[in-house]
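Listed below, chain by chain, are the residues.
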Amino acid sequence: MAIAIVLLTTATVIVVGLLAAAGAGKLARMDGATYPAALTRAATTFAAVITFAATVTAALAALLA
């Protein structure tokens, strides 16, 4: 059961990260950015979502330990 929860949470975080990255890329293109600049913004957003999830996980693990 715990493995299923971990896998579901991981999949959810990745999907949210991809959606945020797609939105950031789209907004960058609408703002007139070039494709490389939009891709850079999207990648930065995806990395920020993954980093935030890792930070929250570490904080929760420290609280529960």
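Above this text you will find the structure in question.
Calculation rules
- Residues numbered from 1 in each chain as written.
- Predicted model: local features only at pLDDT ≥ 70, side-chain atom pairs only at ≥ 80, totals over all residues.
- Heavy atoms only, no water.
- Helix = DSSP H or I, 4+ residues; strand = E, 2+ residues; numbered from the N terminus.
- Rg over C-alpha atoms; globule rule 2.2 N^0.38 Å.
- Buried < 20%, exposed > 50% of the residue type's maximum accessible area, 1.4 Å probe, protein only.
- Areas by Shrake-Rupley, 256 points an atom, 1.4 Å probe, with all protein chains shown as cover.
- Expected span 1.5 Å × (residues − 1).
- Contact = heavy atoms within 4.5 Å.
- Axes fitted to C-alpha atoms, helices over the stretch in contact; angles between N-to-C directions.
- Parallel < 35°, antiparallel > 145°, perpendicular 65-115°, else oblique.
- Left-handed = near helix turned anticlockwise from the far one by under 90°.

1. Observations regarding the overall build of the chain
Counting its regular elements, the chain contains two helices and zero strands. The C-alpha radius of gyration of the chain comes to 15 Å, more than 25% above the 11 Å expected for a compact globule of 65 residues. Dimensions of the chain, computed from C-alpha atoms along their principal axes, come out at roughly 45 × 20 × 15 Å. When burial is assessed residue by residue, the chain has 14% of its 65 residues classed as buried. For the chain, the accessible surface area stands at approximately 4,900 Å², while carbon and sulfur atoms represent 80% of it.

2. A closer look at helix α1 (residues 2-30)
With 29 residues, α1 should cover 42 Å at 1.5 Å per step; its first-to-last C-alpha distance of 42 Å lies within 8% of that length. For α1, the full list of buried residues reads Gly17, Ala21, Ala24, Gly25 and Ala28. Residues of α1 that are buried in the fold lie against α2 (35-64). Just past α1, the residue Gly32 takes up positive phi, approximately 100°.

3. Section: the packing of α1 against α2
Contact geometry for α1 and α2: axes closest at 8 Å, N-to-C directions at 150°. With respect to α2, the axis of α1 lies roughly antiparallel. For the crossing formed where α1 meets α2, the hand is right-handed. Counting all contacts with α1, which are made through Val13, Ile14, Gly17, Leu18, Ala20, Ala21, Ala24, Gly25, Ala28 and Arg29, the residues of α2 involved are Tyr35, Ala38, Arg41, Ala42, Thr45, Phe46, Val49, Ile50 and Ala53.

4. A closer look at α2
Structurally, the α-helix is built with 3.6 residues per turn, so residues lying three or four positions apart point the same way. Between its terminal C-alpha atoms α2 stretches 44 Å, which fits the 44 Å expected from 30 residues at 1.5 Å a residue. All buried positions along α2 are accounted for by Ala38, Ala42 and Ala53.

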